[in-house]
Amino acid sequence: MTALAQRTGAANLGQGFPDEDGPEWIREAAVRAIRDGANQYPPGRGIPALRAAIAAHQRRRYGIELDPGTEVLVTAGATEAITAAVLALAGPGDEVATIEPFYDSHAASIALAGATHTTIPLIPREGGFRLDSAALDAVIGERTRLIIVNTPHNPTGTVLEARELEAIADAARRAGAVVVTDEVYEHLTFDGLAHTPIATLPGMAERTITISSAGKTFSLTGWKVGWATGPAELIEAMLAVKQFLTYSGGAPFQPAIARALADGDADIEALRGSLAHRRDLLLDGLRAAGFDAVRPGGTYFVCADASPFLSTEMPDGAAFARALPELAGVACVPISAFCREGSPTAAALAPWVRFTFVKDEATIRTAIERLRVLASAG
């Protein structure tokens, strides 16, 4: 969709990457690290300062106690952490469950491991998307090796509620499954909602790998500095896989992110406030254009039902997304792209599309102005 947006000159509300770089003081810390000689391989587990900063962040934010030496692993973004966890812990004959819709790397890592991908739907309801608890009980069984939990959730913007997390935890304990979390949007929540790591629930610390990154928190997605935390034996298994993925990387970025985790709370608050404003701006514009749009509790994204604009020639969200750059000069992504092909969830969400509000305000206002053509056509 980004390539289509570039080709047509559309306002790109499809791919979720920031238009603006992260805080200058964090970037300058990386420049200083380069000048100070942080240009060779860092340790495979990550530099001690960053591992200590990650452990301190988890303690300060969530009350999670970690040994930086054995229970923290620095990775090339959250994507590598998820892939390393799945490759280390699942294989042929195992089942790996995800929420559906799911971020595409979750499905790819399961396929690479040769495991079977099962899914637990999020259902659009009044006020947002909620976990299908009946499907959860039906999907998680004796063959379930891993449950991948993504909250705040891409693409729907859902922040899982306590009862939903507790249901997942109960299912994991019954099945003896390990939970792998994707928490990259942990700090980007709105309307007073708070992110709760599932590792904080009773009996879950010993069976949870918690994954996050600096990319979304500090608008530095290209630095690819992520991490995984959890029981030493699970981290050790991931390290054995990571050794032959990237081994290590991001040498000058790691000390900069160590400082950001310690001193960047004000920057996080500023980003959250700015994103909340842009979210509301986009929501108002989509609704004015005729979409039924869901107010997200977190992330970069708004999901919208494009049913009012569908037709025989444009029968679903995928066709709508392909046509929208020419029709209105705006790019979005169909939600079906985040579902298993032919699944009931893909069918239920076939009319839905995702827009991002992480772009600058001028781009969002341009998109809103262009989308008015849809309202006038209706």
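Residues numbered from 1 in each chain as written. Predicted model: local features only at pLDDT ≥ 70, side-chain atom pairs only at ≥ 80, totals over all residues. Heavy atoms only, no water.

For the record, the criterion: UniProt positions are given in the numbering used here, feature names are shortened, and annotations may be inferred rather than shown by experiment.
Going by the annotation in an unreviewed UniProt entry, the name recorded for the protein chain is Aminotransferase class I/II-fold pyridoxal phosphate-dependent enzyme, with Leucobacter ruminantium given as the source organism. Check the Sequence similarities (unreviewed entry) section of the UniProt entry for the protein chain; it says "Belongs to the class-I pyridoxal-phosphate-dependent aminotransferase family." You can read under Cofactor (unreviewed entry) in the UniProt record for the protein chain the words "pyridoxal 5'-phosphate".

**Description of the overall build of the protein chain**
Convention followed: Helix numbers and strand numbers start at the N terminus; a helix is a DSSP run of H or I with at least 4 residues, a strand a run of E with at least 2. Each radius of gyration is computed over the set of C-alpha atoms, and the globule rule expresses the reference value as 2.2 Å times the number of residues to the power 0.38. Throughout this description, buried means an accessible area under 20% of the type-specific maximum (1.4 Å probe, protein chains only), exposed means over 50%, and partly exposed covers the range between. Any pair of residues with heavy atoms lying within 4.5 Å of one another is described as a contacting pair. Only the protein chains shown count as covering a residue, and every accessible area follows the Shrake-Rupley method with a 1.4 Å probe. Counting rule applied: Lys, Arg positive; Asp, Glu negative; His and chain ends not counted. In plain terms, the charge of a residue is placed at NZ if it is Lys, CZ if Arg, CG if Asp and CD if Glu.
A tally of helices and strands in the protein chain yields 13 helices and 14 strands. The C-alpha atoms of the protein chain give a radius of gyration of 21 Å, which matches the 21 Å a tight globule of 378 residues would have. Here the protein chain holds 378 residues, and the buried ones make up 58% of them. Within the protein chain, contacts between residues at least 6 apart in sequence are counted, and of these 74% link residues at least 24 apart. Of the accessible surface of the protein chain, which amounts to about 14800 Å², a share of 52% is contributed by carbon and sulfur atoms. The distance from the centre of the 33 positive side-chain charges to the centre of the 44 negative ones in the protein chain is 2 Å.

**Details of the side chain of Thr-2**
Under the convention used in this document: Here a polar contact is taken to be a pair of N or O atoms separated by no more than 3.5 Å, where protein atoms must pair a possible hydrogen donor with a possible acceptor and residues adjacent in sequence count only if both atoms sit in side chains.
Relative to the assigned elements, Thr-2 resides in helix α1 (residues 2-8). Given a relative accessible area of 17%, Thr-2 falls into the buried group. A polar side-chain atom of Thr-2 sits 3.3 Å from a polar atom in the side chain of Asn-12. With residues near it in sequence (within four places) discarded, Thr-2 still touches Asn-12 and Gln-15.

**Digging into helix α2 (residues 24-35)**
Condition: Working rule for helices: expected span equals 1.5 Å times residues minus one. This arc is built from the directions going out from the helix axis to the C-beta atoms.
The end-to-end C-alpha separation of α2 is 17 Å, in line with the 16 Å expected for twelve residues at 1.5 Å each. Taken together, the buried positions of α2 are Ile-26, Ala-29, Ala-30 and Ala-33. Looking down the long axis of α2, one finds its buried residues gathered within 95° of arc, a one-sided arrangement. Summarising the geometry of α2, the exposed residues directed more than 90 degrees from the buried face are Glu-24 and Arg-35. Tucked into the core, α2 has its buried residues touching α9 (253-263). Positive backbone phi, at 105°, marks Gly-37, one or two positions downstream of α2.

**Section: the packing of aromatic side chains**
Put simply, the test is: Aromatic rings from Phe, Tyr and Trp, with only the six-membered ring used for Trp, were paired whenever their centres fell within 6.5 Å, and each pair was classed as stacked if the ring planes differed by under 30 degrees, edge-to-face if by over 60, and tilted otherwise. Sitting over a ring, as applied to charges here, requires NZ of Lys or CZ of Arg to be within 6 Å of the ring centre and within 35 degrees of the ring normal.
Taken as a whole and judged by the stated rule, the model has eleven aromatic pairs. Relative to Phe-301, the ring of Tyr-185 has its centre 6.2 Å away and its plane inclined at 75°; by these criteria the two rings are edge-to-face. With Tyr-185 in the loop between β7 (178-182) and β8 (208-213) and Phe-301 in strand β11 (residues 301-305), this pair connects stretches of sequence that are 116 residues apart. Clustering of aromatic rings is evident, with ring pairs tying together Phe-291, Phe-309, Phe-320 and Phe-355. Sitting over the face of the ring of Phe-301, Arg-354 holds its NZ or CZ atom 3.7 Å from the ring centroid. Between the NZ or CZ atom of Lys-359 and the centre of the ring of Phe-17, over which it lies, the distance is 3.3 Å.

**Looking at the sheet that holds strand β5 (residues 128-131)**
Paired through their backbone hydrogen bonds, the strands of a sheet run either parallel or antiparallel. Condition: When DSSP finds at least two bridges between two strands, those strands are taken to pair. Every axis in this analysis is a line fitted to C-alpha atoms, fitted for helices over the stretch in contact. Angles between the N-to-C directions lie between 0 and 180 degrees.
Pairing in this open sheet of eight strands is mixed, and the strands run β2-β9-β8-β7-β6-β3-β4-β5 from one edge to the other. Of all strands in the sheet, those bounded by a partner on one side alone are β2 (72-75) and β5. Strand-to-strand twist across the sheet, computed as the mean angle between neighbouring axes with direction ignored, equals 25°. Summarising the sheet, strand β3 (residues 95-100) and strand β6 (residues 144-150) pair through four bridges and their orientation is parallel. Within the sheet, the bridge partner assigned to Ala-97 lies in β6 and is Ile-147.

**Topic: the UniProt feature "domain: Aminotransferase class I/classII large" (unreviewed entry) in the protein chain**
Taking the numbering used here, the UniProt-annotated feature "domain: Aminotransferase class I/classII large" (unreviewed entry) corresponds to residues 12-371. Each end of residues 12-371 is marked by a C-alpha atom, and these two atoms are 13 Å apart; helix forms 41% of the span and strand 18%.

**A word on the pairing of β7**
Within a regular strand, side chains alternate between the sheet's two faces. What counts, and what does not: Call a crossover right-handed when, viewed with both strands pointing away from you, the route from the first strand across the helix to the second goes clockwise.
Within β7, five of the five residues are buried, leaving the element largely enclosed by the surrounding structure. Judged by which residues are buried, β7 turns out to be covered on both faces: Val-178, Val-180 and Asp-182 on one side and Val-179 and Thr-181 on the other are all buried. Of the strand pairs in this sheet, β6 and β7 are connected by five bridges, and their pairing is parallel. Across the sheet, Ile-148 pairs through a bridge with Val-180, a residue of β7. Between the parallel elements β6 and β7, the chain passes through helix α7 (residues 162-175) in a crossover that is right-handed. Bridge count for β7 against β8 is four bridges, and the pairing is parallel.

**Things to note about the pattern of salt bridges**
Counted only if it meets this: Whenever Lys or Arg places a side-chain nitrogen within 4 Å of a carboxyl oxygen from Asp or Glu, that contact is recorded as a salt bridge.
Evaluation of the coordinates by the stated rule reveals 19 salt bridges. For Arg-130, the salt bridge goes to Glu-161, with nearest N and O atoms at 3.7 Å. Residue Arg-130 is found in strand β5, and its partner Glu-161 is found in the loop between β6 and α7; the two are separated by 31 residues along the sequence. Residue Glu-161 is classed as partly exposed on the basis of its relative accessible area of 32%. In this structure, a network of salt bridges that share partners links the residues Arg-130, Glu-161, Arg-163 and Glu-164.

**Brief notes about helix α5 (residues 104-113)**
If you check which residues of α5 are buried, you get Ser-105, His-106, Ser-109, Ile-110 and Ala-113. Looking straight down α5, one finds its buried side chains confined to an arc of 140°; they lie on one side. In α5, the exposed residues that point more than 90 degrees away from the buried face are Ala-111 and Leu-112. The secondary structure elements touched by the buried residues of α5 are α4 (77-89), β3, β4 (116-125), β6 and β7. Within two residues after α5, Gly-114 carries a phi angle of roughly 75°, on the positive side.

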